[in-house]
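Chains, contacts and geometry: an overview
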Amino acid sequence: MKFTKMSLVAALLIGSSAFAIENTKVTGDANLFYSTSDAKSGYAGISDKSDLFSKDNSAADVAVNLNVTTDLVKNDTVAISAGAGYTVLTTLGLENNLVSNVWGGAHTATAPSGASYGSVIGGAKVENANWVTEAWVAATAGKTTAKLGRMTLDTPLAFTETWSIEKNTFEAVVLINQDIPDTTLVGAFVGNGNGTEAFGQTDLQSNVNGLGLASAAVVNANGDFGTYGTDGAYAVGVINNSFKPLTVQAWYYNLPRLADAYWLQADLKCKKVKGLLAGVQYSSVKAAAAGSTADDVYAVMLGYEIKDIATLKAAYSSVNDDGSLGYAGFNTATSTGTAQSKLYTEAWWNYGNVTKSGTDTIHLTAEAKVAKVDLGLYITAIDHQEADADLNEYTVTASKSFGPLDTTAAVVYTDPETGDATTMIQAYLTLKF
């Protein structure tokens, strides 16, 4: 879901032990996502009465994900396992019936003969999409793990975005070592990806029909994979937790002929002041072109956690105004303008704004459990210093699980400096099996 964010360290540790399973395991989920808005333009430029729940201002989609993992070899010397995943993205015929748009960007569509898609969105035929999301083999010897194939990744500047109804994945080689106490070393080569990345993949079919919510398209049309960047990318990282209240990490990325990037982060969970949280982040991306200027961003966070009751956080970030790329700290695996980031200040819905050049952002978070319902309040104030593009976003969420069924409702109020304010209501249903 949009607001779900797993810590990087936790994700890496899961990745390094995912093959210590017993025999064969089949897991998956079925998802139904719905969104409606009072935006005056409706979807694909259709004029509408700006009514919530009206057909032309609503979108829906269904995705079914199936995953299989199995042990191949398991002895005192080495453990070898394999895994595969498959996704089916379908409208179930909801388009042209209850809604005029879909959620995921992997769909393609065909307009009726002699008409443009934008003018007849209600009559366009939306194609289902399906693709292999994962197919990997992993081997562990001692405290070193090697993973090869198609997989999810969770690194600060190249990661799988899991908040949408579709998720991007990578074809990569990843090495993880934990021989040094309290330290995780990571090395990776990423050759291909199916995210709608800004770097490379120019030979892929883009979704020219504009399907999917504006900030929700994170997968290429039909889930197609292409070269990540122009020649792949290299990444190395180190994560250390020697001083138990503090976790520090440092990452370096090289995209040959395109860019070099860094990410530094430190997170403190104070024991002396029980519940106190603090963090600092810094990222720099430097284009390889001669004369390029680096795009830099830093962020700070201060919070307080009352265990099992509530968590409050306040964060601030700032991006320099003279970078050549125009963005800093963004996920290079998906489209620059709508890419999610791991900055403390990231908006709940309007991705691609806090990372823009010359932007200062304040982000406030309040999360609590009331009557077994998880409630969230997220406020993001985005100040674009050099353009009339300030944005304020206010989001309220409520989540509750009923056995294997996870449910979430969200209301997002977006107030831009230019244009009309809009209200969006969303519903997420996920059935795990």
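Just above, that's the structure.
Residues numbered from 1 in each chain as written. Predicted model: local features only at pLDDT ≥ 70, side-chain atom pairs only at ≥ 80, totals over all residues. Heavy atoms only, no water.

**Re the overall build of the protein**
Rules: Helix and strand definitions follow DSSP, with helices as H or I runs of at least four residues and strands as E runs of at least two, each counted in order from the N terminus. Each residue's exposure class comes from its accessible area (1.4 Å probe, protein chains only) as a fraction of the maximum for that residue type: buried when under 20%, exposed when over 50%, partly exposed otherwise. By the convention used here, residues are in contact when the closest approach between their heavy atoms is within 4.5 Å. Surface exposure here means Shrake-Rupley accessible area, sampled with a 1.4 Å probe, where a residue is shielded only by the protein chains that are shown.
Scanning the protein for helices and strands turns up 1 helix and 23 strands. Looking at the 433 residues of the protein, the share that counts as buried comes to 50%. Intrachain contacts of the protein at a sequence separation of at least 6 include 60% that bridge at least 24 residues. Carbon and sulfur atoms provide 60% of the accessible area of the protein, an area that totals close to 19100 Å².

**Structural notes on the nonpolar core**
As a reminder of what qualifies: Each nonpolar core is a collection of buried residues, namely Ala, Val, Leu, Ile, Met, Phe, Trp, Tyr and Cys, held together in the definition by side-chain atoms within 4.5 Å.
Grouped together as the largest cluster of nonpolar side chains are 37 residues, with contacts concentrated most on V174, Y228 and Y253. Take this core: its biggest share by element is 4 residues, from strand 10 (residues 170-177). The contacts of V174, once residues within four sequence positions are left out, are T145, A146, K147, M151, L153, V186, G187 and A188. W163, I165, Y378 and M424 belong to the second largest nonpolar core, which has 19 residues in total.

**Some details on the pattern of salt bridges**
Rules: One speaks of a salt bridge when a side-chain nitrogen belonging to Lys or Arg is within 4 Å of a carboxyl oxygen belonging to Asp or Glu.
Enumeration over the complete set of coordinates arrives at 8 salt bridges. A salt bridge links D182 to K244; the nearest nitrogen and oxygen atoms lie 2.5 Å apart. One end of the pair, D182, is in the loop between strand 10 and strand 11 (183-193); the other, K244, is in the loop between strand 13 (233-240) and strand 14 (246-255), with 62 residues separating them in the sequence. For D182, a relative accessible area of 38% puts it in the partly exposed group. Assessed through its relative accessible area of 44%, K244 is described here as partly exposed. Among the salt bridges present, the one from E305 reaches K269, with a minimum N-O distance of 3.5 Å. Linking E305 in strand 17 (residues 295-306) with K269 in strand 15 (residues 259-269), this pair joins segments that are 36 residues apart in sequence. A residue is classified by how much of its surface remains accessible, and K269, at 48% relative accessible area, is partly exposed.

**Quick notes on the packing of aromatic side chains**
Aromatic ring pairs are defined here through the distance separating the ring centres and the angle between the ring planes. Condition: The rule is short: rings of Phe, Tyr and Trp, with Trp giving its six-membered ring, pair when the centres are within 6.5 Å, and they are stacked under 30 degrees, edge-to-face over 60, tilted in between. Any Lys NZ or Arg CZ that is within 6 Å of a ring centre and within 35 degrees of that ring's normal is treated as a charge sitting over the ring.
Evaluated as defined, the whole model comprises 13 aromatic pairs. A centroid spacing of 5.0 Å and a plane angle of 50 degrees characterise the contact between F189 and Y234, whose relative ring orientation is tilted. In this pair, F189 sits in strand 11 while Y234 sits in strand 13, placing the two residues 45 residues apart along the sequence. Overall, F189 belongs to the partly exposed group, its relative accessible area being 30%. With a centroid separation of 6.2 Å and 40 degrees between ring planes, the pair formed by Y394 and Y413 is classed as tilted. Of this pair, Y394 sits in strand 21 (residues 391-402) while Y413 sits in strand 22 (residues 405-416), and the two are 19 residues apart along the sequence. According to the relative accessible area criterion, Y413 is partly exposed, its value standing at 35%. Here R150 stacks its cationic end above the ring of F225, 3.6 Å away from the centre of that ring. Positioned above the aromatic ring of F159, the side-chain terminus of K342 is 4.4 Å from the ring centre.

**Considerations on the pairing of strand 20 (residues 373-384)**
To keep things clear, this is the line we draw: The pairing criterion is simple: DSSP has to find at least two bridges between the two strands.
Pairing of strand 19 (residues 359-370) with strand 20 involves 12 bridges; the strand directions are antiparallel. Each residue of the ladder has a partner; that of L364, found in strand 20, is I379. As consecutive antiparallel partners, strand 19 and strand 20 are separated by 2 residues, and within that stretch A371 has a phi angle of approximately 50 degrees, a positive value. Across 9 bridges, strand 20 lies against strand 21 in antiparallel orientation. Residue pairing for strand 21: G376 is matched across the bridge by T397. The turn joining strand 20 and strand 21, which pair antiparallel and follow one another in sequence, is formed by 6 residues.

**Examining unusual backbone geometry**
With phi around 55 degrees, L92 is a residue other than glycine that occupies positive phi space. Tracing the backbone shows L92 in the loop between strand 3 (79-90) and strand 4 (108-110). Given the relative accessible area of 62%, L92 is considered exposed. A positive phi angle, close to 70 degrees, is found at R257, a residue other than glycine. Among the structural elements, R257 can be located in the loop between strand 14 and strand 15.

**Quick word on the environment of S100**
One can find S100 in the loop between strand 3 and strand 4. It is 6.2 Å that separates the C-alpha atoms of S100 and S58, two residues lying 42 residues apart in sequence.

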